[in-house]
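If you want the building blocks of each chain, they are given just below.
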Amino acid sequence: MRSSSGVVVLENVGKTFRMGGTPFQPPRSVDAVREVSLSIDRRESLGLVGESGSGKTTVARIMVGLLEPTRGSVCFEGRDLFSASAGELRMLRRHLQIVFQDPESALDPRQTVFQALFEVLQVHGLIRSGKGREQIRSLLKMVDIRWEDAHRYPHQLSGGQCQRVGIARALALEPSVLVADEPVSQLDVSTQAQIVSLLADLRGRLGLTVVLIAHDLSVVRQVVDRVAVMLGGWIVEMAPTEDLFSRPLHPYTRTLLEAVPRARPFTGSFARTASRPLGQWSAPRSPAACPFAPRCPDGTSACAARIPDLAPADNPAHLVRCRWQ
Amino acid sequence: MGFGRPELKSTHLLEIKALTVEFPMDQGVLRAVDEVSLSLARGESLGLVGESGCGKSVMAQSILGLLPPPGRVRAGEILFDGMDLVKLSPPELRKVRGRRIGIVFQEPMRSLNPVLRCGEQVAEVLRAHRGVRGGEARAQVCAIFEQMGFHDGGDLYDAYPHQLSGGMRQRVMIAVALACDPCVLLADEPTTALDVTIQAQIISLLARLKRARNLSVLFISHNLALVSEACERVAVMYAGRIVEVAPVAGLFDKPWHPYTRALIACLPGVDDATRPTPIPGEVPHPLALPGGCRFRDRCPEARAACGKEPPLVEGEAGHWVRCWVAQEAVGRNHDAE
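All values reported here derive from a predicted model rather than from experimental measurement. (Residues numbered from 1 in each chain as written. Chains lettered and ligands numbered in written order. Predicted model: local features only at pLDDT ≥ 70, side-chain atom pairs only at ≥ 80, totals over all residues. Heavy atoms only, no water.)

A. Representation of the environment of Val 59 of chain A. Residues and elements named next belong to chain A. Residue position: Val 59 is located in helix α1 (residues 56-63). Take Val 59: its relative accessible area is 1%, and that puts it in the buried class. Separated by 131 residues in sequence, Val 59 and Ser 190 place their C-alpha atoms 28 Å apart. Setting aside residues up to four positions removed in sequence, Val 59 forms contacts with Leu 10, Val 33, Val 36, Leu 48 and Met 230. (Helix = DSSP H or I, 4+ residues; strand = E, 2+ residues; numbered from the N terminus. Buried < 20%, exposed > 50% of the residue type's maximum accessible area, 1.4 Å probe, protein only. Contact = heavy atoms within 4.5 Å.)

B. Structural context of the sheet that holds strand β9 (residues 233-238) of chain B. All names here are of chain B. Taken in spatial order, the eight strands make up an open sheet running β6-β7-β8-β3-β9-β10-β12-β11, and their pairing is mixed. Among the strands making up the open sheet, the edge pair consists of β6 (101-104) and β11 (313-316). Sheet twist, expressed as the mean angle between neighbouring strand axes with direction ignored, is 20°. Both strand β3 (residues 45-49) and strand β8 (residues 216-221) contribute to a ladder of five bridges, which runs parallel. By the bridge assignment for β8, Leu 46 is matched with Leu 218. Strands in contact with helix α7 (residues 166-178) are β6 and β7 (184-188); relative to β6, the strand with the most contacts, it is inclined by about 165°. (Pairing = 2+ DSSP bridges. Axes fitted to C-alpha atoms, helices over the stretch in contact; angles between N-to-C directions.)

C. Structural context of the pairing of strand β10 (residues 241-247) of chain B. Residue and element names in this part refer to chain B. Of all the seven residues making up β10, six are buried; the element is thus mostly covered by neighbouring parts of the structure. Looking at chain direction, β9 and β10 are connected through six bridges and run antiparallel. Each bridged residue has a counterpart across the sheet, and for Met 237 the counterpart in β10 is Ile 242. Between β9 and β10, which pair antiparallel in sequence order, lie two residues; one of them, Ala 239, sits at a positive phi of approximately 45°. Alignment of β10 against strand β12 (residues 319-321), held across two bridges, turns out to be antiparallel. Along β12, the bridge assignment pairs Val 245 with Trp 320.

Written out as structure tokens, the structure reads:
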């Protein structure tokens, strides 16, 4: 593991959700995050990539203090988030902001853009007297929203504009860490490019630490320093961006890379390996198994028995959790 | 499935001629689709690409008479097998919809009935159009599921939509659309809500089914890269108008319209580290379109001539473009040759 000098440090974090327990259903538990250790440096930008159900959103919520982990600890600038008192946690959370996936449902439909931003500033007592308007104007300018749109409601804005407002709201508290949870998955490709470059620019301008979550590796490629690939609640590969894209080591990372649609002319052949897991929607698995084993071209019975540790591969910064590496 | 399709009368399976769709609103008449002409040959897959609000979904809805009120087809024809779908009565249209033209919608969660088992939802189509009932329907549905790559069709038949992942639900939607062996499939953003890996599976499933059944597919998407993988020909739509139509190879080799070039430039590349270039500005509101070329305000090459709207002109065989600048450049190239 990296040294724990990072601004955000997750140590052996795990989260188990208990579900069911109705008269019709016995309670069961779901391990959304199995064991994640992660240290994010100041001003670093980290991409967290994986399919639905890989646990990336749960990690995001734990990271910003919205969800308490079942196991492990989360530190922000050396202070443990979940052993802090409620008041302290509230103070710390100001520095850890999150942008949610569905921009329209993340905003209150009955609040204008101005009201939404004003409320955040007010709750945290950040309105400088008589300056509220100016503060909001400069926030909107930062995310390229015209002042004329400040008095509009979310339904009057496009998806991309809503997402910008979500970003402005997160930035209102002048956080040092910004976690963007699938900020572009609901947007058009043309708008995705706008939002991703806005996040990259803001990071440079404000010296933010950014965690960008996506299911599509191509979204993070150009804007993050390091990528962690998640599957089944584990980080299965983590490496500096160039290493990961030039030498993807985990077969799951390769599957994700192959799945990205390329702008290339129709060839009539669809020789893509991603179509393997058809029909495995209810495959039962041992909890300690490598979650990729059933889909893996090289999977063995050893993989189905136990997932290996996250270990350095060809260089100390390139970590992978696969017995073939 | 051994039903056999009725013989068709024309080479173009589906021909849309100068279709105009309007939504009368309080603030004025919103023209979502403006004189759009497109044709789809048998066994062909055509991609329809554009940003949100360009009218691409309205196109699909108007083909099947599913326009949400107050939308209505103002002018134009939609010819399918010698019939004008616009003029059909609702009962006549019901015989076409689902039976000869299938549709897959964007969000499988909202399109499937949450209280019916998946298999029953496919069986319902067979019952309505073919009168297949009971055990026979179940057997046929299981056969369709197995054809789509499921190991155990029976398990899936008895599952409720909430028990399935997004990708599985979308496969059930495709099964619903293809149950009656239609010859045209409209796929309206079939993969937008899905993970990239599942998206790749759905695209290759659609491609396999298309080949196996000689389907014609109208594939609607905002992602040009996805369309280039799934289609042979692409139509680019902007603010209710078709701005460029070309075979996929031609479109990527020689994107003539500045909007097409912008769509290509904003694709994130996974194989290199160049940052995608966003398209400046926003799509104009359909009630406040700029006069002349509708892309004018966002176009880096706009000039005075763009104040007048250009026509859609065929610059090369099968490659059409609606842009004064591009047409001039293509004309110059032809003169030089």
